[in-house]
Amino acid sequence: MNIKINFKKQVFNRPNENLIFFVDENFNISSLKKSISNSDYSYVSDLIKTRDTKKKIITFNISSKKKIILVSINKNITNSEIENLGADCYNIIKELKKSNFFINSDTIIQNTKNLVGHFLHGIRLKSYLFEKYKSNKTKKNIDINIFGKNIPTTKDQVKFNAIEEGTFYARDLVSEPGNVLHPDEYAKRINSLKKFGLKINVYDEKKLKKLGMNTLLGVGQGSTRGSYLVIMEWNGLRNKSKPLAFVGKGVCFDTGGISLKPAKFMEDMTYDMAGSAVVVGLMKSLALRKAKVNAIGVVGLVENMPGGNAQRPGDIVKSYSGKTVEILNTDAEGRLVLADAITYTEKKFKPKFIVDLATLTGAIIVSLGSEYAGLFSNDDKLSKQLIDAGENVEEKVWRMPLNKNYDKLIDSKNADMQNINYIGGAGSTTAAQFLQRFILNKTPWAHLDIAGMAFSKYGGALNSGGATGYGVRLLNKLIEDNYE
């Protein structure tokens, strides 16, 4: 579905088109008198008395060619609630035969900043479809024309568009099948983002071996595809202030390796690179909106396959940090990819903080379902910033425990640590506890386990099912509210 949005500061006069108006929570339509004919006003006034009071959006069929849609806005409505209303409105207009809609922003009586911008943001986010490989694609185009004074500024339009484009790019990457978006192709796609002003460095296997990134390389050694560490830099400040760092797990397909996963639902493992997709989408968004911040995005790209050269349970590898890891289960591979990436990011860039994202454990889905991502952190300030940002954009996180008492569950008799907790329990926490060991210089760090949030079978408020792009808007809000 293609949504085209046009902003025009001119008199609203489209009597024979589909019209969208904003009204208060009581559906008081007095503000519409100047925008619709007397007969239409009387018709709507009569029908509105019998409305379903639970509905926030009501439609009226004026004729076979004309529909009036009223959107109710509460006094203290939040931005995320406005976006959800936009998504609900999209669900209505996509079913209509007409493809042109007109919004009169002058009917807004609530003093809500950027109401129209957030409403349209919700429409756009909900409209996303991944139909690249379908023979019969949705061909409908929808034009939404906004008139009046209460439209987003040019700067805000750029910001909303940048966030949408970054979210859509992340969704596109997660939606690609494993035979298309393998590590070699993924690295090329990221490299193409140079055109937006990002500085890109791609480290191939030769460079990674030289650096000693053996935990990352071990995961990908069973695949015929390459393994990579890709670094994206956005320098939005002229000074050389410490950058913000974001690290993503990019396992393009995860069979589990020698510790093979069950066949049922293995096809979903194309989204095991969703953490990296969030980082890539975020970096694209920052570049598109020319964010006034210095930021680093680092992603480890591998394919975990059970080939003849695959890593074995019982292998011991030396990480970039110098610490050794005993591999007890090759399906606990994401933490191995992140381990090298986290230490390298901290040592190379000395960032203000590091946030890593990964579809790391099924245990986090048992704990939190698909409502919250798991947050693990060594820093209270960073944790609160992430929680607040998540609440603001409805990409919520829930802080989970880290404690030195969990260390005994991942201590190894044969190496510095082992990659799983063989005793059982606290699977998400012990995975995070493992990652924390690769923060060597007390850098503020947060780990987001997004296994339950990256992909939705049934769709959510702002997505229609499939890849959600969860995390792009969350991290953008974190930056916008605290670091710009």
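See the structure shown above.
A few points on the structure. (Residues numbered from 1 in each chain as written. Predicted model: local features only at pLDDT ≥ 70, side-chain atom pairs only at ≥ 80, totals over all residues. Heavy atoms only, no water.)

### A closer look at the packing of helix H2 (residues 79–93) against helix H3 (residues 115–127)
So, step 1. With their axes 7 Å apart at the nearest point, H2 and H3 run at an angle of 50° to one another. Between H2 and H3, the angle falls in the class oblique. Between H2 and H3 lies a crossing whose hand is right-handed. Of the residues in H3, those in contact with Asn79, Ile82, Glu83, Leu85, Gly86, Ala87, Cys89, Tyr90 and Asn91 of H2 are Leu115, His118, Phe119, His121, Gly122, Ile123, Lys126 and Ser127.
So, step 2. Taken together, the residues of the contact of H2 with H3 sort by class into eight nonpolar, seven polar and two charged. (Axes fitted to C-alpha atoms, helices over the stretch in contact; angles between N-to-C directions. Helix = DSSP H or I, 4+ residues; strand = E, 2+ residues; numbered from the N terminus. Parallel < 35°, antiparallel > 145°, perpendicular 65-115°, else oblique. Left-handed = near helix turned anticlockwise from the far one by under 90°. Contact = heavy atoms within 4.5 Å. Nonpolar A, V, L, I, M, F, W, Y, C, P; charged D, E, K, R; others polar.)

### Points about the pattern of salt bridges
So, step 1. Per the counting criterion, the structure on display carries 21 salt bridges.
So, step 2. Close ionic contact of glutamate 176 with lysine 132 constitutes a salt bridge, the shortest N to O distance being 2.6 Å. Separated by 44 residues along the polypeptide, glutamate 176 in the loop between helix H4 (154–175) and helix H5 (183–191) and lysine 132 in the loop between H3 and strand E6 (141–147) bring together distant segments of the chain.
So, step 3. Overall, glutamate 176 belongs to the buried group, its relative accessible area being 3%.
So, step 4. Note that aspartate 315 and arginine 312 form a salt bridge whose closest N and O atoms lie 3.3 Å from each other.
So, step 5. The exposure class assigned to arginine 312 is partly exposed, which follows from its relative accessible area of 48%.
So, step 6. Via salt bridges that share partners, Lys132, Glu176, Glu185 and Arg189 belong to a single interconnected network. (Salt bridge = Lys/Arg side-chain N within 4 Å of Asp/Glu carboxyl O. Buried < 20%, exposed > 50% of the residue type's maximum accessible area, 1.4 Å probe, protein only.)

### Notes on the nonpolar core
So, step 1. Formed by 56 residues in total, the largest nonpolar core has its most connected members in Tyr186, Ile190, Phe246, Val280, Val355, Ile450 and Leu475.
So, step 2. Counting residues per element, this core draws most heavily on helix H8 (residues 274–288), at nine residues.
So, step 3. Those residues in contact with isoleucine 450, other than ones at most four positions away along the chain, are Ala274, Gly275, Val278, Ala358, Thr359, Ala373 and Tyr470.
So, step 4. In this structure, Met213, Val298, Ala358 and Met417 belong to the second largest nonpolar core, which totals 37 residues. (Core = buried A, V, L, I, M, F, W, Y, C linked by side-chain atoms within 4.5 Å.)

### Considering unusual backbone geometry
A negative phi angle characterises most non-glycine residues, just as the trans form characterises most peptide bonds.
So, step 1. One non-glycine residue, lysine 350, adopts positive backbone phi at about 45°.
So, step 2. Mapped onto the secondary structure, lysine 350 falls in the loop between helix H9 (334–349) and strand E13 (353–358).
So, step 3. Even without being glycine, lysine 442 reaches a positive phi, approximately 60°.
So, step 4. In this structure, lysine 442 sits in the loop between helix H12 (427–436) and strand E17 (445–449).

### A few points about the packing of H8 against helix H13 (residues 472–482)
So, step 1. Contact geometry for H8 and H13: axes closest at 9 Å, N-to-C directions at 50°. The orientation of H8 with respect to H13, classified from their angle, is oblique. For the element pair H8 and H13, the recorded crossing hand is right-handed. Across the interface between the two elements, Val278, Gly281, Leu282, Ser285 and Leu286 from H8 touch Val472, Leu475, Asn476 and Ile479 from H13.
So, step 2. Each residue belonging to the contact of H8 with H13 can be placed in one class, and the counts come to six nonpolar, three polar and no charged.

### Side note on the sheet that holds strand E1 (residues 2–8)
So, step 1. Ordered by their spatial adjacency, six strands build an open sheet running E1-E6-E5-E2-E4-E3, and the pairing between neighbours is mixed. Looking along the sheet, the strands with just one partner apiece sit at the ends: E1 and strand E3 (57–63). Adjacent strand axes in the sheet meet at a mean angle of 20°, parallel and antiparallel pairs treated alike.
So, step 2. As defined by bridge partners, strand E2 (residues 18–24) adjoins strand E5 (residues 100–104) across three bridges and the pair is classed as parallel. Opposite asparagine 18, over in E5, you have phenylalanine 101 as the bridge partner. (Pairing = 2+ DSSP bridges.)

### What about the sheet that holds strand E15 (residues 397–399)?
So, step 1. With respect to topology, eight strands assemble into an open sheet ordered E7-E8-E10-E9-E13-E17-E14-E15, the strand pairing being mixed. Edge positions in the open sheet fall to strand E7 (199–203) and E15, since each of these has one partner strand only. Taken over all neighbouring pairs, the strand axes of this sheet differ in orientation by 20° on average, direction set aside.
So, step 2. With respect to the sheet, H13 is in contact with strand E9 (244–254), E13, E15 and E17, its orientation differing from that of E9 by roughly 170°.

### Comments concerning the packing of aromatic side chains
So, step 1. Applying the stated rule across the entire model yields eleven aromatic pairs.
So, step 2. Taking the ring centre of phenylalanine 160 as reference, the NZ or CZ of lysine 159 above it sits at 5.2 Å.
So, step 3. In this arrangement the basic side chain of lysine 396 is found over the ring face of tyrosine 372, its NZ or CZ atom lying 5.3 Å from the centre. (Phe/Tyr/Trp six-rings, centres within 6.5 Å; stacked < 30°, edge-to-face > 60°. Lys NZ or Arg CZ within 6 Å of the ring centre and 35° of its normal.)

### Concerning empty space enclosed by the protein
So, step 1. As enumerated under the stated definition, the model contains one cavity of 30 Å³ or more in all.
So, step 2. Here the largest cavity is characterised by a volume of approximately 30 Å³.
So, step 3. Contributing to the lining of the largest cavity are Ala170, Val174, Ala274, Ala277, Val278, Ala454, Gly469 and Tyr470.
So, step 4. Of all the secondary-structure elements, those providing two or more residues to the lining of the largest cavity are H4 and H8. (1 Å grid on protein atoms, 1.4 Å probe; cavity = no way out; pocket = protein on both sides within 12 Å on 5 of 7 lines; lining within 4 Å. Points joined across faces, edges and corners; volume = space filled by probe spheres on them.)

### Let's talk about helix H1 (residues 38–48)
So, step 1. Among the residues of H1, those classed as buried are Asp40, Tyr41, Val44, Ser45 and Ile48. End-on, the buried residues of H1 take up no more than an arc of 135°, which puts them together on one face. In H1, the exposed positions that point more than 90 degrees away from the buried face belong to Asn38 and Ser39.
So, step 2. Those residues of H1 hidden inside the fold are in contact with E3 and strand E4 (66–73). (Arc of directions from axis to C-beta.)

### Topic: the pairing of E4
So, step 1. Across the eight residues of E4, eight count as buried, placing the element largely inside the fold.
So, step 2. Side chains Lys66, Ile68, Leu70 and Ser72 of E4 all project onto a buried face; the interleaved residues Lys67, Ile69, Val71 and Ile73 project onto the opposite face, where all are buried too.
So, step 3. Sheet topology places E2 next to E4; six bridges connect them, and they run parallel. What sits directly across from aspartate 24, in E4, is isoleucine 73.
So, step 4. One ladder, built from six bridges, connects E3 with E4; its direction is antiparallel. Across the sheet, the residue bridging to isoleucine 58 is leucine 70, located in E4.
So, step 5. The turn linking E3 back onto E4 is made up of two residues.

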